[in-house]
Amino acid sequence: MEETADLLPESLQPANEPFDVASKKLSCGQITNEEDESLDKKNKCCSDIVSDSNYKTGLNCHQEDQRRTSLVASIVEVVASHDAPTRRTIDLGHGSDLIYIQRFLPFQKSWTFFDYLDKHIPWTRPTIRVFGRSCLQPRDTCYVASSGLTPLVYSGYRPDAYSWDDFPPLKEILDAICEALPGSRFNSLLLNRYKGANDYVGWHADDEKLYGATPEIASLSLGCERDFVLKKKKLQDSSLEKRGDGGPANKRLKRSSSGEEDQHSFALKHGSLLVMRGYTQKDWIHSVPKRAKAEGTRINLTFRLVL
Ligand SMILES: O=C(O)CCC(=O)C(=O)O
Ligand SMILES: [Fe+2]
């Protein structure tokens, strides 16, 4: 990953609204989640029904019991259907694709992981090199990997690898991801903590050789919602083109004038999982830009396989 300075097109500024989930921890300037909002409304509506059922209804005890049973069943159904993960596959074309799973982890469980990681991970903010200049990385980081792997080096920085055994909850998350992605394998994890609106990751691709030609990267988001932007590489930016191995990249990237989108933006929700697959690291770059209204802390975990 050779990170570039943050070049944020004006058109990508979102219409953020403050996010406040009563009793669900913090308000961090997150984008309002329409579904969470509607869940809140439905939950409120359900509790209204429950308290209404205490009023005199004119039904006998048996009828009242039946009514309560069916009310409880429908409340459970509403809550369950809103808690269920939703999976979406996004075909970026030419062998690149994404999977986005909203509510991959349950809401409160995600906050439990957030609190643990915020407190227990030995976060550092290293000096990196961008365009030949040294600067402080604009977010906190930590690296966890199985022993004996090729070390990760990015932007002139080589993080020390902590062991999975140092942070047992990470293994729990890894197990959940492997269960959701049968056949996938991960042995390393780069953690990022964005402490507010000014923290970001600039345009880059995770195209280091140690991940091979078509790495699968599973990215879990916890805490404050942030935008994740993907932009198609120009043909001359393609790593294959740079290596002079122009054939496949040429074929994949050249056809981009066919009306396909060259840029995608996703608001990554608390507890969501985004998976990048295929040629996504070869043909696309991605970033998490600064966002004035994203005041809260966000923790991101990217699980990778070092070959
Ligand atoms: O924070 C994110 O969602 C992305 C982080 C990222 O791109 C990276 O660590 O390589
Ligand atoms: Fe990345």
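Residues numbered from 1 in each chain as written. Chains lettered and ligands numbered in written order. Predicted model: local features only at pLDDT ≥ 70, side-chain atom pairs only at ≥ 80, totals over all residues. Heavy atoms only, no water.

The chain goes by Fe2OG dioxygenase domain-containing protein in an unreviewed UniProt entry, where it is assigned to Brassica campestris. You can read under Sequence similarities (unreviewed entry) in the UniProt record for the chain the words "Belongs to the alkB family." (UniProt positions renumbered as here; feature names shortened; annotations may be inferred.)

> When you look at the packing of aromatic side chains in this model, what are you seeing that I'm missing?
The description of two aromatic rings rests on the distance between their centres and on the angle between their planes. Under the definition given, this model contains 5 aromatic pairs. Taken together, a centroid distance of 6.5 Å and an interplanar angle of 35° make the contact between Tyr100 and Phe266 tilted. Residue Tyr100 is found in strand β2 (residues 96-102), and its partner Phe266 is found in strand β10 (residues 263-268); the two are separated by 166 residues along the sequence. On the basis of relative accessibility, which here comes to 5%, the residue Tyr100 falls in the buried class. Residue class for Phe266 comes out buried when judged on its relative accessible area of 8%. Ring plane angle 10° and centroid distance 6.3 Å describe the contact between Trp164 and Phe303, whose orientation is recorded as stacked. Of this pair, Trp164 sits in the loop between β5 (140-145) and α4 (168-180) while Phe303 sits in strand β13 (residues 298-304), and the two are 139 residues apart along the sequence. Neither Trp164 nor Phe303 differs from the other in exposure class; each is buried. A cation over a ring is seen here: Lys231 above Trp203, with NZ or CZ 4.4 Å from the ring centre. (Phe/Tyr/Trp six-rings, centres within 6.5 Å; stacked < 30°, edge-to-face > 60°. Helix = DSSP H or I, 4+ residues; strand = E, 2+ residues; numbered from the N terminus. Buried < 20%, exposed > 50% of the residue type's maximum accessible area, 1.4 Å probe, protein only. Lys NZ or Arg CZ within 6 Å of the ring centre and 35° of its normal.)

> In this structure, what is going on with the coordination of the iron ion (ligand 2)? I would like to understand it.
The expected angle between donors at a tetrahedral four-coordinate metal is 109.5 degrees. At an octahedral six-coordinate metal it is 90 or 180 degrees. For the iron ion (ligand 2), the full set of protein donor atoms is His204 (NE2), Asp206 (OD) and His286 (NE2), at a range of 2.1 Å. Read N to C, the donor residues that coordinate the iron ion (ligand 2) are spaced as H-x1-D-x79-H. Per residue, the accessibility class of His204 equals that of Asp206, and both read buried. (Donors = N, O, S within 2.8 Å, 3.2 Å for Na, K, Ca; no water.)

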